[in-house]
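If you want the building blocks of each chain, they are given just below.
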Amino acid sequence: METATLPTELATYWKQLDCGFPRVETVFADCLREALATLSRQGVDDYIEQARFLGKMGRGAEPILIFLEEWPAVAKILGETALPDIMAAIRRMWKSPNGKAITPFLQSLPTTARRLHSAEQLRVYIDIVLDMMERTTGSVHGIHQTFPSPGLPEIFKQVSVLLGQLSLAGLKNWVDYGVRHYDDHPDRQIDYFSLQSADSRAVLQRERHGTLLVDNERKLDMYLRGLWQDEDHLIPYSGAFDELRQPVPYYDQLGIRLPDAYDDFISPLPLAGEGLGGEGAQGSPLSNSLPLNGRESNRLPAGEIIISGLDRYRAALAHIAAHRRWTTAIFADNFSPFQRMAVEFIEDSRVEYLAMREYPGLRRIFMTLHPVPAEDACDPELESGVRHRLAMLSRALLDPAHPYRNPHIIGCAQRFHELMRQGDAGTQEMADLAVSFVARTRLQSDNLAKMHFKDTVVDYRDDNRQMWKFIEQGDEEEAFDEPRKIEPGEELKGLPPRHYHEWDYHSQNYRPDWVSVYEALHPQGNAADIDRLLDKHAALAKRLKKLLDLIKPQDKVRIRYQEDGSELDLDVALRSLIDYKSGATPDPRINMSHRTSGRSIAVMLLLDLSESLNEKAAGCDQTILELSREAVSLLGWAVEKLGDPFAIAGFHSNTRHDVRYLHIKGYSEPWDDQVKGRLAAIQAGYSTRMGAAMRHAAHYLEQQQADKKLMLILTDGEPSDVDSKDGRLLIADARQAVMELDRQGIYTYCINLDSKADEYVADIFGKQYTIIDRVEQLPEKLPQLFISLTK
């Protein structure tokens with residue numbers, strides 16, 4: 001990337017970055033374009049500033065490369081406000097002996113962001129790992145930290161497994177166990193935090209309890225859309241680390257906030273319709289089948305009722321969706337704190353009453369989860385009973401078979417049901433009812449500092465912040481930044497990087513978001529060069545045409561009602577002419593075309609464009625690249641004659657941060673001069689990171705509607721890259737990619753031009769390969785091989 005060729009803005013940011021790493025220079029423009037499209041203007045400035053720090057930190061090019069590639073995608077999930085916490089954590093590692101953990105920490109951020117979803121959750125996660133770092137970093141005589149934490153890099157490598165199975169509370173318990181028991185054993189600490197020891201896996205299983213929001217987000221999103229015609233982001237929070245405030249569900253302009261995990265709820269209460277009564281309790285379609293982790297929500301043998309964590313999420317979402325549908329914000333300034341509390345309790349009951357009337361099956365869940373405070377549980381001489389009375393009232397409003405005898409509660413419940421039967425009761429009417437109830441039931445002891453809380457918390461209800469508005473703005477008002485839009489005139493070129501996992505055969509697990517693939521349209525060349533190559537092989541093309549005529553399906557299917565087609569459809573044309581003569585609007589679809597029936601094959605040809613293709617072929621004056629161009633030209637011509645949908649792409653790599661995928665021909669593009677021009681311009685350079693390229697090519701091939709999907713890989717050597725010292729690593733990843741594609745229904749086949757390919761190609765492709773020792777025969781062999789594979 002030459003600075004002089006960049007737009008002014010990119011050149012300015014490159015100068016601010018002040019980075020001397022050549023590997024960063026090659027990808028900076030692509031990364032910055034994604035940042036400009038994703039981040040605010042201040043966010044881009046912070047992005048460059050922090051990247052500059054990472055580049056001058058003394059840890060090499062990896063930290064700055066990872067940050068430039070990953071942060072825009074992470075910021076899209078967590079928000080730009082998460083950056084200070086991340087950089088503060090990096091600075092603490094940098095100033096300690098744990099600098100080697102910075103790279104795996106940055107690499108794990110995309111996975112961490114996808115699992116945690118919010119900056120608040122990330123802050124808790126960072127507190128956990130930094131606390132572990134402080135407790136496991138060794139020191140000399142307890143004075144200066146000298147030895148790095150053995151397990152810190154390992155926990156970042158396993159973050160996808162850990163956050164995929166544990167809530168943050170469970171993660172903290174798992175970490176605490178490892179620190180307590182292996183603090184003085186560095187090797188065992190590594191085994192524990194890398195999930196290699198039996199003890200580590202046993203503790204992981206022990207802490208795996210509850211239903212995780214992140215694992216059920218799709219189900220809950222469909223529930224919200226399908227039943228409530230509502231849609232919003234679901235954002236988890238952790239209640240395990242805020243014991244003082246004890247956060248509850250809420251919603252704002254950023255999304256709906258729910259706990260990151262819910263345990264199954266077990267209650268001794270009878271089921272709705274079995275002692276609770278109430279309309280809609282029986283016979284509803286939702287009340288008879290409530291899923292519970294593969295079981296049904298039924299009465300247990302001891303008379304208990306169990307509500308699954310998933311149903312607890314449904315209850316919380318139903319309550320919030322009901323508020324969003326039926327609650328109207330009212331002014332809070334003229335209400336006392338006790339009155340506001342009463343209004344919230346009664347309004348919560350009103351929206352749940354309406355929700356149960358619309359979906360009777362919700363009664364079973366709400367009535368099981370709603371507490372039933374004992375009427376004599378609160379001693380008014382010793383503690384304030386405001387919450388106790390309001391919790392009893394809330395239960396009485398929803399449960400006609402409630403056990404309470406307090407005349408004020410009974411009277412208020414009767415007035416509530418009268419208002420609901422009238423059909424026009426809203427939030428203001430509930431406020432009037434609440435003020436009346438508070439005035440009738442007020443006691444001197446309500447002002448006592450000690451308040452009765454037992455059985456008064458309805459934990460699926462939100463904090464009601466959205467039902468209040470204020471005449472005078474204060475701390476209750478929240479401001480949200482407008483999402484940044486691209487100003488007119490800004491032109492963003494290219495595609496942002498697409499991140500793929502990579503298989504690590506040492507740990508027998510994937511490295512998440514390990515490889516960055518940049519896709520671009522291949523530059524144009526001279527299409528006449530390809531025509532000259534076809535003329536050069538005219539005799540071979542003539543022989544191939546005879547073979548193609550034999551395997552080409554002869555059945556033709558007529559496709560009618562086309563605006564553009566190969567011939568006129570006389571029936572439709574006459575009908576349109578009659579309509580035109582009679583004054584009606586004629587049908588413009590007067591043409592028809594034909595397609596061949598009986599062959600359903602989609603092909604992807606993936607070309608290895610690594611540096612070794614510039615070498616001369618043995619016994620030939622041409623380079624391997626020139627012979628490959630001739631062979632692909634003949635293959636493209638042959639597939640076009642057959643009519644099969646096919647695409648052509650090339651790839652090469654310069655470390656895992658810079659895998660280039662060059663689009664030459666797409667499935668919807670014809671074999672024309674534009675495609676020929678791209679093929680004529682192909683050049684070779686860099687290395688061969690095959691697994692990532694195959695996964696990206698499969699992204700397009702799997703979308704094709706075909707009975708057989710074939711991926712041909714044309715290469716002249718084994719997978720390799722400059723940042724991979726272990727030769728087996730990328731071979732194992734390519735083999736894993738072949739297995740992944742096989743599960744997707746894609747048949748892979750390798751045409752290898754390396755005479756030593758017997759040493760590795762079978763490890764990757766099994767028996768699905770052909771080695772062409774005499775490269776000069778490639779133009780003849782490649783089309784024939786394709787024909788034999790697709791007969």
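Residues numbered from 1 in each chain as written. Predicted model: local features only at pLDDT ≥ 70, side-chain atom pairs only at ≥ 80, totals over all residues. Heavy atoms only, no water.

A. Representation of the overall build of the protein chain in the model. Each helix and strand counted, the protein chain has 28 helices and 24 strands in total. In the protein chain, which comprises 791 residues, the proportion classed as buried is 53%. Entry remark: accessible area of the protein chain is about 37100 Å², with carbon and sulfur atoms responsible for 49%. (Helix = DSSP H or I, 4+ residues; strand = E, 2+ residues; numbered from the N terminus. Buried < 20%, exposed > 50% of the residue type's maximum accessible area, 1.4 Å probe, protein only. Areas by Shrake-Rupley, 256 points an atom, 1.4 Å probe, with all protein chains shown as cover.)

B. Representation of the packing of aromatic side chains in the model. Using the criterion set out here, one finds 19 aromatic pairs in the structure. A network of ring pairs unites the aromatic residues Trp174, Tyr177, Tyr182, Tyr192 and Phe193 as a single cluster. Arginine 324 extends its terminal NZ or CZ atom over the ring of tyrosine 251, reaching a point 5.1 Å from the ring centre. Sitting over the ring of tryptophan 468, arginine 340 keeps its end group 5.0 Å from the ring centre. (Phe/Tyr/Trp six-rings, centres within 6.5 Å; stacked < 30°, edge-to-face > 60°. Lys NZ or Arg CZ within 6 Å of the ring centre and 35° of its normal.)

C. View of the confidence of the model for the protein chain. Confidence in the prediction for the protein chain averages 84 pLDDT; 88% of positions are at 70 or higher. A low-confidence stretch, residues 473-493 (pLDDT under 50), is modelled with 21 contacts involving residues beyond four sequence positions or located in other chains. (pLDDT = per-residue confidence, 0-100. Contact = heavy atoms within 4.5 Å.)

D. Molecular detail of the sheet that holds strand β24 (residues 769-771). Pairing in this open sheet of 8 strands is mixed, and the strands run β14-β15-β21-β20-β19-β22-β23-β24 from one edge to the other. Of all the strands in the sheet, the pair left with one neighbour each is β14 (498-504) and β24. Averaged over all neighbouring strand pairs, the angle between strand axes comes to 25°, with direction disregarded. Against the sheet, helix α28 (residues 778-789) engages β19 (601-608), β22 (708-715), β23 (746-752) and β24, with an angle of about 160° to β22. (Pairing = 2+ DSSP bridges. Axes fitted to C-alpha atoms, helices over the stretch in contact; angles between N-to-C directions.)

E. Region of interest: the pattern of salt bridges. Enumeration over the complete set of coordinates arrives at 45 salt bridges. Where arginine 560 meets aspartate 571, a salt bridge forms, and the shortest distance between an N and an O atom there is 3.8 Å. Taken together, the residues arginine 560 in strand β16 (residues 556-562) and aspartate 571 in helix α22 (residues 570-581) connect sequence positions 11 residues apart. Judged by its relative accessible area of 49%, aspartate 571 is partly exposed. Two residues, arginine 695 and glutamate 740, come together in a salt bridge whose shortest N-O distance is 3.0 Å. Taken as a pair, arginine 695 in helix α25 (residues 690-701) and glutamate 740 in helix α26 (residues 727-743) lie far apart in primary sequence, 45 residues in all. In this structure, arginine 695 and glutamate 740 share a single accessibility class: buried. When salt bridges that share partners are traced, they join Asp30, Arg33, Asp658 and Arg660 into one network. (Salt bridge = Lys/Arg side-chain N within 4 Å of Asp/Glu carboxyl O.)

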